[in-house]
Amino acid sequence: MKVSEILKENQVTISCELFPPKKGSQLENYKAIVAQTAQLKPSYISCTYGATGGTSDYTVEIADAINACGIPAIAHLTCASSTKEKVQGVIGELKERGIENILALRGDIPENADFPLPNQYHHAIELIREIKEEGDFCIGGACYPEGHPEAATMDEDLDYLKEKVDAGCEYLTTQMFFDNNVYYRFLYKALAKGIQVPVTAGIMPVTNAAQVKRTISLTGNLVPAKFLSIVDRFGDNPAAMRQAGIAYATEQIIDLIANGVNHIHIYSMNKPDVAAAIMDNLSEIYVRE
């Protein structure tokens, strides 16, 4: 089933995100994680492509396993670290496996690399156009409520985002954020630019103190004082930090839903137990059929 159809429904949807293994020998263990996550009955599950394409060989396998569990799969596809031939080959594999949903991303530029080379895509918009030509896929894209790190201004970033939507992007998923007001302001600005596709809210449950430093370094996200206080108080107690991180993510989701945001994407990152704990906290809010 196409994610665009799921997001048209006037009901709460909660989805999860996984990442594929780096080695083929780990594939069966990762498929077991897929099965555990599928038991939670999320609306769909996405699978990443690796920050620099390093795990791309197994993205299709994991997406296929998600579909086999009866849950719609999204396969991430990045183009910065791959040749056009490689990207076209992956699109062909997805088509053969009946995977209908692709999240089209530029991805991180590899270190010490000449980018772009003549046989590489420059931007996600080029990838989106290629996917549109190659088959009947539902194409999603990423957006940044605090602005893309490479954009000079939020206005410039939104102009590029509008171009991606006009090129065929049918829905957007936000980068993680820890202050819902950042997301709400972003929605107003996006609407003012004429961006009217669904914008799924990306929530990252931070369950250990090390994640905070890593998240800030990778994304540049602002972390509210309220959350930093949680890390300061519970960061040295793994069990308490896990519980507090789950509670904080749950509180974010409840606030979003209460304010009319129906579509939530949990960056569960191969932790079905964390996703399960959040969904249990939402047992009367997110009713799984």
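Below you will find a few notes about this structure. (Residues numbered from 1 in each chain as written. Predicted model: local features only at pLDDT ≥ 70, side-chain atom pairs only at ≥ 80, totals over all residues. Heavy atoms only, no water.)

### Thoughts on helix H10 (residues 238–258)
Right, on to step 1. In a regular helix each residue adds 1.5 Å, so 21 residues correspond to 30 Å; H10 covers 30 Å between its end C-alpha atoms and thus fits that length.
Right, on to step 2. Positive phi appears at glycine 260, one or two residues downstream of H10, with a value of about 90 degrees. (Helix = DSSP H or I, 4+ residues; strand = E, 2+ residues; numbered from the N terminus. Expected span 1.5 Å × (residues − 1).)

### Quick word on the pattern of salt bridges
Right, on to step 1. According to the stated counting rule, one finds twelve salt bridges in the structure shown.
Right, on to step 2. For glutamate 61, the salt bridge goes to lysine 31, with nearest N and O atoms at 3.7 Å. With glutamate 61 in helix H3 (residues 59–68) and lysine 31 in helix H2 (residues 27–38), this pair connects stretches of sequence that are 30 residues apart.
Right, on to step 3. Residue classification places glutamate 61 among the partly exposed positions, given a relative accessible area of 24%.
Right, on to step 4. For lysine 31, a relative accessible area of 25% translates into the label partly exposed.
Right, on to step 5. Each of Glu28, Lys31, Glu61, Asp64 and Arg97 takes part in a single network of salt bridges with overlapping partners. (Salt bridge = Lys/Arg side-chain N within 4 Å of Asp/Glu carboxyl O. Buried < 20%, exposed > 50% of the residue type's maximum accessible area, 1.4 Å probe, protein only.)

### Quick notes on the packing of aromatic side chains
To describe a pair of aromatic rings, one takes the distance between the centres and the angle between the planes.
Right, on to step 1. Applying the stated criterion across every chain yields a total of five aromatic pairs.
Right, on to step 2. Relative to tyrosine 30, the ring of phenylalanine 19 lies with its centre 6.1 Å away and its plane at 65 degrees, an arrangement referred to as edge-to-face. One end of the pair, phenylalanine 19, is in the loop between strand E1 (13–18) and H2; the other, tyrosine 30, is in helix H2, and eleven residues separate them in sequence.
Right, on to step 3. Among the residues examined, phenylalanine 19 registers a relative accessible area of 29% and is labelled partly exposed.
Right, on to step 4. On the basis of relative accessibility, which here comes to 17%, the residue tyrosine 30 falls in the buried class.
Right, on to step 5. Residues phenylalanine 177 and tyrosine 183 carry aromatic rings whose centres are separated by 5.2 Å and whose planes lie at 10 degrees to one another, so their mutual orientation is stacked.
Right, on to step 6. Owing to a relative accessible area of 1%, phenylalanine 177 belongs among the buried residues under this scheme.
Right, on to step 7. You can call tyrosine 183 buried: its relative accessible area is 1%.
Right, on to step 8. Taken together, the aromatic side chains of Phe177, Tyr183 and Tyr184 make up a single cluster linked through ring pairs. (Phe/Tyr/Trp six-rings, centres within 6.5 Å; stacked < 30°, edge-to-face > 60°.)

### A closer look at the environment of isoleucine 99
Right, on to step 1. Tracing the backbone shows isoleucine 99 in the loop between helix H4 (84–97) and strand E4 (101–105).
Right, on to step 2. When the C-alpha positions of isoleucine 99 and aspartate 57 are compared, they lie 15 Å apart, and in sequence the two are 42 residues distant.

### Brief notes about the sheet that holds E4
What holds strands together in a sheet is hydrogen bonding between their backbones, with the strands either parallel or antiparallel.
Right, on to step 1. Taking strand neighbours around the barrel as the criterion, the eight strands line up as E1-E2-E3-E4-E5-E6-E7-E8 in a closed arrangement whose pairing is parallel. Taking the axes of each pair of neighbouring strands and ignoring which way they run, one obtains an average angle of 30 degrees across the sheet.
Right, on to step 2. Sheet topology note: the strand E2 (residues 45–47)/strand E3 (residues 73–78) ladder contains three bridges and is parallel. Paired with serine 46 across the two strands is isoleucine 74, which belongs to E3. (Pairing = 2+ DSSP bridges. Axes fitted to C-alpha atoms, helices over the stretch in contact; angles between N-to-C directions.)

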